[in-house]
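As a plain string of letters, each chain reads:
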Amino acid sequence: WMLIVLAAVLAAYSVFNAYSPSVVKVQLSSTKLIAPLRFAQITDVHIGSRSTAFLERVMRQVNSLDIEFLCITGDFIDAPGIGEEKLAALRTCAVPIYFSIGNHERYEDLDEILDRLEKLGVLVLRSQSITHGPVQIIGIDDSEHPERVKRELAGIEVDAQRFVLLLYHRPRVLIDAAAAGVDLMISGHTHNGQIVPFNLVVKRVFEQTVGLFHHEQTQLYVSSVTGTWGPVMRLGSRGEVTLFEVQPLTSAH
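Residues numbered from 1 in each chain as written. Predicted model: local features only at pLDDT ≥ 70, side-chain atom pairs only at ≥ 80, totals over all residues. Heavy atoms only, no water.

### As for the pairing of strand β11 (residues 218-222)
And step 1. Of all 5 residues in β11, 4 are buried; the element is thus mostly enclosed.
And step 2. As paired elements, strand β9 (residues 184-187) and β11 share 4 bridges and run parallel to each other. What sits directly across from Ile-186, in β11, is Tyr-221.
And step 3. Note: strand β10 (residues 211-215) against β11, 5 bridges, orientation antiparallel. In the strand pairing of β11, Leu-212 is matched with Tyr-221.
And step 4. Where β10 folds back on β11, the antiparallel hairpin that results is connected by 2 residues, among which Glu-216 adopts a positive phi of roughly 55°. (Buried < 20%, exposed > 50% of the residue type's maximum accessible area, 1.4 Å probe, protein only. Helix = DSSP H or I, 4+ residues; strand = E, 2+ residues; numbered from the N terminus. Pairing = 2+ DSSP bridges.)

Okay, here's the thing in structure tokens:
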């Protein structure tokens, strides 16, 4: 009986946990900034598997933050036919939203998804860059090909005077990002395993599964992701809305 009770408690907790992402602060610094920079990331929200109500909850959290822009690093949608009305919470965002494609968008009605997002005011970056004040934001489509990011970055003029932010769904290409002059790469995809013991499996597949990593002058942040895929459960991991706070740092330091 104790085992049954324990299993029931864990199941209930894991469901509650899946509905309650935390705001996770990541504090960084850069010599390229003269004023503090604050922006947020959500990733792997998985609308389709997850509901409109969940998206509304996430956007309320985003809107409670004092940020300059929001980044969505893929797997925002994981089902075909998700209409604008189910994504309408995006319209509540008072700051620009920049989006890069994940694997699940590629599996579904990609062109229709991108059309809906653009109608909702989202700026989709597909091997493209945009400047936002002192920041250059680059978005590259998710790909299984290990050379994809290296090849795409070679065709983009990286602005060494700006803080260069790369949105790329899967955390595999830190060395290539560093070689191109990226300051910060942000990713999702791994879910930090979502449910133990799958975290052990994920760690065997991805060297960088969750948290902050660096190579030379480039940093990579891997979110534990905002939503869930498959069962609406999280055990041994927590969903997150990531708040980046980048402080200016004088080169003399």
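### Observations concerning the nonpolar core
And step 1. Of all hydrophobic cores here, the largest spans 34 residues; its most connected members are Ile-42, Met-59, Leu-70, Phe-76, Leu-87, Leu-90 and Phe-99.
And step 2. Of all the secondary-structure elements, those providing two or more residues to this core are β2 (37-42), α2 (52-63), β3 (69-73), β4 (97-100), α4 (110-119), β5 (122-124) and β12 (240-248).
And step 3. Listed in part, the 19 residues of the second largest apolar core include Leu-125, Ile-137, Leu-184 and Ile-186. (Core = buried A, V, L, I, M, F, W, Y, C linked by side-chain atoms within 4.5 Å.)

### Digging into the side chain of Asn-192
And step 1. Within the secondary structure, Asn-192 sits in the loop between β9 and α7 (198-205).
And step 2. What makes Asn-192 buried here is its relative accessible area of 17%.
And step 3. Discounting residues that sit within four places of it in the chain, Asn-192 has contacts with Asn-199, Val-210, Ser-224, Gly-236 and Ser-237. (Contact = heavy atoms within 4.5 Å.)

### Digging into the packing of aromatic side chains
Aromatic ring pairs: the centre-centre distance and the angle between the two ring planes describe each pair.
And step 1. Counting across every chain of the model gives 4 aromatic pairs.
And step 2. Aromatic pair Phe-39 and Phe-69: ring centres 4.9 Å apart, planes at 15°, arrangement stacked. In this pair, Phe-39 is assigned in strand β2 and Phe-69 in strand β3, connecting sequence segments 30 residues apart.
And step 3. Ring centres of Phe-39 and Phe-244 lie 4.8 Å apart, and the angle between their planes is 15°; this geometry places the pair in the stacked category. Residue Phe-39 is located in strand β2, and its partner Phe-244 is located in strand β12; the two are separated by 205 residues in the primary sequence.
And step 4. Feature note: the residues Phe-39, Phe-69, Tyr-98, Tyr-221 and Phe-244 constitute an aromatic cluster, connected by ring pairs.
And step 5. A cation over a ring is seen here: Arg-50 above Tyr-19, with NZ or CZ 4.8 Å from the ring centre.
And step 6. Sitting over the face of the ring of Phe-206, Arg-172 holds its NZ or CZ atom 4.2 Å from the ring centroid. (Phe/Tyr/Trp six-rings, centres within 6.5 Å; stacked < 30°, edge-to-face > 60°. Lys NZ or Arg CZ within 6 Å of the ring centre and 35° of its normal.)

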